[in-house]
Amino acid sequence: MSHFSHQKDLQNIIKRYLAGTATAEEIKFIEKYYTFLSEGENEIGETHDINNFEQETFQAIQAKIASQQKSKVLSFYKYASAAAIFILLCGGLYFLLNKNSSKFPSNSLAKIENLDILPGSDKATLTLANGSKVILDDQTPENISDTHGVKISKTKDGQLVYTVVNNENLPNSTAFNTIQTPKGGQYQVILPDGTKVWLNAASSLKYPEVFAGKKRSVTLTGEAYFEVAKDKDKPFHVLTQNQNVEVLGTHFNINGYLDDHTIKTTLLEGAVKVSNLKSTKKLKPGEQAISGISENALIQVTSQVDTDDEIAWKNGLFQFNDTDLKIILNQLERWYDIKIDYSSIPDKRYNGMVPRKSKLSEVLKMLEKTGNIKFELLENRTLKVIPKTN
């Protein structure tokens, strides 16, 4: 898609925003985008060419944000540091206010594009209680199973749905199912109690076909976002590596990839109790509990967390807020099913937002433009990071 088409797409979104007809997601994109440009802490004082469309649009959005939020006037000429230029890639949309080409042309980009890798998609493997496996993808029939009083079905938009249809013929509490996403996959599950779970790439969730007894308990590896159905008589437990999260009904995210060596539980709504053998902590909305994966790890709670960053993946985004390059590469490795050569990773941090629907080359271009690095994608799906020298 040409730059003109990208800009036209952005113009249409902005027109809807100014007319009051934009979706909630489009409103969030536009306001966060322009606010980001105004609030960069490290200015580089560079001069940029700004066309009439950009200037007039910014002034209109500035007026709308100011009238709605009574916020301070935003300065269009204030930009974040070169390692923090905000790039908006929405589906096929690519719009970069700094139209200057990269200072460091990279021959590796052509190679990346020739070997380009598509983003992940809705795919997973479901293992039923009898050991049989079902591959969840576009080819899977909508009705998967209808036995023991529980119907298991699949929607067209990547949801696995459990529905209790016969309370008199329910399976026993030891009948467990497991859904597992590969690298480059994600999936959503609606459990028999109505709890919704979004499962990120390279993750798995083990759960009973029906929640019997006095509590609801599931086991997670990797990362998932939960919207737990309220049931005051049956608390909901999420078990991860040496840790237990207990809730009654709430929205929260757990990032427990073992190769990250930490477990992060972020609360968006309600209340949760996070515990291991060493300590127990209660979280309020907006707080995050962080601990190591060992059974004796100390749980620490912080309120200095941007919850939007933590659940960006669930909303279809890579969102970086002063994020270390290695953490970014970890995310790319899981979502694009690639290998990373970590032998020469520079100490760099990034701010920005890129839809997870973007091709790998688009994400790498963003990183190359905003940092003094380049990438080389090898034929064995290994991504090599090459620091550039002045």
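Fair warning: this is a prediction, and the values are worked out from it, not measured in the lab.

(A) The arrangement of the packing of aromatic side chains in detail. The final tally for this structure, using the stated rule, is seven aromatic pairs. Centroid distance F226 to F252: 5.0 Å. Interplanar angle 10 degrees. Geometry classified as stacked. Residue F226 is found in strand β13 (residues 216-227), and its partner F252 is found in strand β16 (residues 251-256); the two are separated by 26 residues along the sequence. Overall, the relative accessible area of 0% leaves F226 in the buried class. Its relative accessible area of 0% is what places F252 among the buried residues.

(B) Fine view of unusual backbone geometry. For A202, which is not glycine, the phi dihedral falls at a positive 55 degrees. With respect to the helices and strands, A202 occurs in the loop between β11 (196-199) and β12 (204-208). Looking at A202, the relative accessible area reads 30%, which means it is partly exposed. Positive phi is not limited to glycine here, since R381 has a value of about 60 degrees. The topology assignment puts R381 in the loop between β25 (373-377) and β26 (382-387).

(C) Summary view of helix α7 (residues 360-369). Counted residue by residue, α7 has seven buried out of 10 residues, so it is predominantly covered. For α7, every residue scored as buried is listed here: L360, S361, V363, L364, M366, L367 and E368.

(D) How the structure looks around the pairing of strand β24 (residues 349-355). Burial of β24 is extensive: six of the seven residues sit out of reach of the surface. In this structure, strand β22 (residues 317-324) lies alongside β24, joined through seven bridges in antiparallel fashion. Following the sheet pairing, Q319 is matched in β24 by M353.

(E) Region of the structure containing the sheet that holds β25. In spatial order, the strands read β23-β26-β25; together these three strands make up an open sheet with mixed pairing. At either end of the open sheet lies a strand with only one pairing partner, and these are β23 (339-341) and β25. With direction set aside, neighbouring strand axes in the sheet form an average angle of 25 degrees. Note that β23 and β26 share three bridges and pair parallel. Paired with D341 across the strands is K384, a residue of β26. Here α7 sits on the sheet and contacts β25 and β26; the angle it forms with β25, its principal contact strand, is near 155 degrees.

About the thresholds
- Residue indices begin from 1 for each chain and proceed along its sequence in written order.
- Local features in this predicted model are restricted to residues of pLDDT 70 or higher, and side-chain atom pairs are both shown and tallied only at a pLDDT of 80 or more, whereas totals for entire chains, interfaces and linings draw on every residue.
- Hydrogens and water are ignored here; the side-chain numbers use all heavy atoms of the structure.
- What counts as a ring pair is set by centres within 6.5 Å for rings of Phe, Tyr and Trp (its six-membered ring), and what kind of pair is set by the plane angle: stacked under 30 degrees, edge-to-face over 60, tilted for all other angles.
- Helix and strand assignments come from DSSP, with helices taken as H or I runs of at least 4 residues and strands as E runs of at least 2, each series counted from the N terminus.
- Exposure is judged per residue with a 1.4 Å probe applied to protein chains only, and the accessible area is read against the type maximum: over 50% gives exposed, under 20% gives buried, and values in between give partly exposed.
- Strand pairing is defined by DSSP finding a minimum of two bridges between the two strands.
- Here, axes are lines fitted to C-alpha atoms. For helices the fit covers the stretch in contact, and angles between N-to-C directions go from 0 to 180 degrees.
- Should any heavy atoms of two residues lie within 4.5 Å, those residues are counted as being in contact.

By themselves, these observations are geometric and do not establish any function.
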